[in-house]
Amino acid sequence: MNYSELRRKEVVNMRNCKKLGHVTDLEFDQCTGCICSIKVSHCFPFFPFFQLEEDLVIPFPKIRQIGPDIIIVETC
C-alpha cells in the first residue's frame, strides 16, 4: 500500500466508534525504516485549510486493523 492510498482512509477509534479524521503524515524510525506513528487531522483530506482541531498522533502499535476503507485504532 502506498501513501496516497493510506491518506484516503478514514481513521476510527474502536473504543467509541468516533471518526478521528484522515491520515496526513507518517513518522518513520530512522534506523529500521518502519512506521512509528501516523498523524491524523480532522480536516478534509483534500481541503487542508478547513482544519478544525490540532492533529492527533497515533503510535503504530495502537493501530488494530487497516481495512479497504478505514483504519481502526484503539486510543483513550
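Given the structure is predicted, the values throughout are model-derived calculations rather than measurements.

Quick notes on the rules
- Residues numbered from 1 in each chain as written.
- Predicted model: local features only at pLDDT ≥ 70, side-chain atom pairs only at ≥ 80, totals over all residues.
- Heavy atoms only, no water.
- Helix = DSSP H or I, 4+ residues; strand = E, 2+ residues; numbered from the N terminus.
- Buried < 20%, exposed > 50% of the residue type's maximum accessible area, 1.4 Å probe, protein only.
- Contact = heavy atoms within 4.5 Å.
- Areas by Shrake-Rupley, 256 points an atom, 1.4 Å probe, with all protein chains shown as cover.
- Core = buried A, V, L, I, M, F, W, Y, C linked by side-chain atoms within 4.5 Å.
- Pairing = 2+ DSSP bridges.
- Axes fitted to C-alpha atoms, helices over the stretch in contact; angles between N-to-C directions.
- Polar contact = N/O pair within 3.5 Å; in protein donor to acceptor, adjacent residues only side chain to side chain.

A. Examining the overall build of the chain more closely. Helices and strands together make up the secondary structure of the chain, namely one helix and six strands. Residue burial in the chain is summarised as follows: out of 76 residues, 29% are buried. Within the chain, contacts between residues at least 6 apart in sequence are counted, and of these 32% link residues at least 24 apart. For the chain, the accessible surface area stands at approximately 5,400 Å², while carbon and sulfur atoms represent 57% of it.

B. Representation of the nonpolar core in the model. Formed by L6, V11, L20, V23, L26, I38, V40, I58, I63, I71 and V73, the largest nonpolar core amounts to 11 residues. Listing elements by their share of this core, those giving two or more residues are β2 (19-28), β3 (35-41) and β6 (70-73). In terms of residue count, the dominant contributor to this core is β2 (three residues). The residues touching V23, leaving out its near neighbours within four places in the chain, are Y3, L6, R7, K9, V11, I38, K39 and I71.

C. Seen up close, the sheet that holds β6. Reading across the sheet, the six strands line up as β4-β3-β2-β1-β6-β5 and stay open at both edges, with mixed pairing between neighbours. Each edge of the open sheet is held by one strand with a lone partner, namely β4 (56-59) and β5 (63-66). Ignoring which end each strand starts from, the neighbouring axes of this sheet average 35° apart. Where β3 lies against β4, four bridges are found, and the strand directions are antiparallel. The partner of K39 across the bridge, within β4, is V57.

D. Structural view of the side chain of S41. The residue S41 is located in strand β3 in this model. Within the local environment of S41, its side chain forms a polar contact with the side chain of D55, the two groups lying 3.2 Å apart.

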